[in-house]
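# Summary of structural features
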Amino acid sequence: MSHHSKSLLLLLTLLATLSHLHAQTAQPKSTELKFFDQTLPKDSFIHSHYYDEIPYSFLTVKSDDRTKKTSQKAILIKLFFNTKVKIKKLKVVSSDETNMTHPVERIHLFDHSKSCQKEDHEYQNIIYFDKETDRLDVHVHPDPHVKDIKLKVTAYGLSKQSVFHITRHLLSTRDDPAQNELLLKNLYKEGYTTVLSLLKYEKYDRLYLPEQSLFYLPDDTDFSVPLQKMVSLVQKEHYLSDKGTKAMPDRVKKRNYLLFVDKEKVRFLKNVNPQESIVIKKIDLAE
């Protein structure tokens with residue numbers, strides 16, 4: 001093989017290697033989705049809710065003069081959310097009047113010392129990270145030649161609604177009662193007690209849970225009780241309410257029916273679904 005041919009082969013190999021490295025760095029560092037200390041199965045339903053769009057209440061945009069390394073000042077964007085959310089991805093779509101391909105030179109979270117993992121696309125930048133917060137500070141460095149930049153910022157990740165959808169899906173599809181129960185314990189420990197309560201009112205064709213499960217905690221449960229104490233009570237078919245220790249209601253009935261009484265009617269809710277409830281007048285109940 002001639003010296004010229006060897007040089008050409010080396011160049012092609014180098015270009016292929018660089019292209020492969022770019023393809024690797026264009027994706028998140030790990031394809032595993034972490035959810036309350038568990039690795040989620042690869043599932044399109046789960047993936048879509050894992051990266052749900054998280055609406056923010058409002059944002060502020062201002063010039064940031066703390067960065068002096070670039071010829072143009074950076075832009076500090078603050079996103080404010082109603083409550084704490086688990087943010088997994090941020091997308092910044094940018095454009096300017098000169099139609100530059102990449103008006104944004106660099107993006108990072110303000111409290112990080114280095115840039116987050118970033119994926120470049122035409123007219124957009126995506127960074128992957130894992131942060132639970134009610135406010136996100138995004139540092140955007142425009143290209144020094146940008147004239148009039150426009151930015152659209154979108155956050156993606158796990159809101160309480162996302163956590164609810166993924167948890168419900170796992171309880172009814174993952175044939176692993178021990179892992180499903182551990183997930184419920186992690187939800188309890190991290191304060192997602194509203195999600196625990198709402199899960200009981202869903203319709204399930206199948207529930208993969210142990211016989212003594214936190215899933216069956218009644219509505220009057222005192223969730224301020226430490227997890228370990230509540231677990232030990234549940235194993236004895238008791239729970240702590242706001243009025244003290246009570247026996248767990250009959251689980252067979254609890255799984256399928258709920259008696260709801262208001263001022264005008266009594267409803268027996270099959271599968272606890274108000275849309276499918278049978279309305280019985282009080283006089284009929286008396287008879």
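Residues numbered from 1 in each chain as written. Predicted model: local features only at pLDDT ≥ 70, side-chain atom pairs only at ≥ 80, totals over all residues. Heavy atoms only, no water.

### Some thoughts on the packing of aromatic side chains
This is how the line gets drawn: Only centres within 6.5 Å qualify two rings of Phe, Tyr or Trp (six-membered ring in Trp) as a pair; their planes then separate them into stacked at under 30 degrees, edge-to-face at over 60, and tilted for everything else. Only protein chains enter the calculation, and the probe is 1.4 Å; a residue is then buried if its accessible area is under 20% of its type maximum, exposed if over 50%, and partly exposed in between. Only when the NZ of Lys or the CZ of Arg is both within 6 Å of the ring centre and within 35 degrees of the ring normal is a charge said to sit over the ring.
Evaluated as defined, the whole model comprises 9 aromatic pairs. Their ring planes at 85° and their centres at 4.9 Å tell us that F35 and F36 sit as a pair that is edge-to-face. Relative accessible area serves as the criterion here: at 6%, F36 is assigned to the buried category. Grouping aromatic residues by their ring pairs yields a cluster made of F35, F36 and Y192. Its guanidinium or amino end placed over the ring of Y51, K89 lies 5.0 Å from that ring's centre, counting from NZ or CZ.

### Comments concerning the side chain of Q38
Spelled out, the test is: Where helices and strands are cited, they refer to DSSP runs of H or I of at least four residues and of E of at least two residues respectively, numbered from the N terminus. Whenever two N or O atoms come within 3.5 Å, that pair is a polar contact, provided that in protein one can donate a hydrogen and the other can accept it, and provided that, for residues adjacent in sequence, both atoms are side-chain atoms.
Inspection of the secondary structure puts Q38 in strand β2 (residues 38-39). A polar contact of 2.9 Å, which involves the side chain of Q38, links it to the backbone oxygen of Q179.

### Re the pairing of strand β5 (residues 74-95)
Rules: At least two bridges found by DSSP between two strands are what make those strands a pair.
Burial analysis of β5 places 16 of its 22 residues in the buried class, the great majority of the element. Pairing between strand β4 (residues 58-64) and β5: 7 bridges, direction antiparallel. Following the sheet pairing, D64 is matched in β5 by A74.

### A few points about the confidence of the model for the protein chain
Operational definition: Every residue carries a pLDDT, the predictor's confidence in it, which falls somewhere between 0 and 100. By definition in these notes, contact holds between two residues if any of their heavy atoms fall within 4.5 Å.
Taken residue by residue, the protein chain gives an average pLDDT of 76. The fraction at 70 or more is 69%. Of all helices and strands in the protein chain, the one with the weakest mean pLDDT is helix α1 (residues 3-25) (36), whereas helix α4 (residues 177-189) scores best (96). Taken together, the stretch residues 3-27 has pLDDT below 50 and engages in 7 contacts with residues farther than four places along the chain or on a different chain. Segment residues 252-287: pLDDT under 50, and 47 contacts once partners within four positions in sequence are set aside and those in other chains are kept.

### With respect to the side chain of E181
Stated precisely, the cut-off is as follows: Under this rule, positive means Lys or Arg and negative means Asp or Glu; His and the chain ends count for nothing. When a carboxyl oxygen of Asp or Glu lies within 4 Å of a side-chain nitrogen of Lys or Arg, that pair is called a salt bridge.
Tracing the chain through its elements places E181 in helix α4. As a buried residue without a salt bridge, E181 has its nearest oppositely charged side chain in K185, at a separation of 5.6 Å. Among all residues touching E181, those that are not within four sequence positions of it are L209, P210, Q212, S213 and L214.

### Some details on the packing of helix α3 (residues 160-173) against α4
Which entries qualify depends on this criterion: Axes, fitted as lines to C-alpha atoms, cover a helix only where it is in contact. Angles between the N-to-C directions of the axes lie from 0 to 180 degrees. In what follows, roughly perpendicular refers to angles from 65 to 115 degrees, roughly parallel to angles under 35, roughly antiparallel to angles over 145, and oblique to any angle outside these ranges. By the definition used in this description, the sense in which the near helix is turned from the far one sets the handedness, with an anticlockwise turn below a right angle giving left-handed and a clockwise turn giving right-handed. Note on residue categories: nonpolar means Ala, Val, Leu, Ile, Met, Phe, Trp, Tyr, Cys or Pro, charged means Asp, Glu, Lys or Arg, and polar means any other residue, Gly included.
Packing of α3 against α4 brings their axes to within 10 Å, and their N-to-C directions diverge by 155°. Between α3 and α4, the angle is such that the two are roughly antiparallel. Helix-helix and strand crossings are classified by hand; for α3 and α4 the assignment is left-handed. Along its contact with α3, which presents V163, T167, L170 and L171, the element α4 presents N180, L183, L184 and L187. Here the contact of α3 with α4 is composed, by residue class, of 6 nonpolar, 2 polar and no charged.

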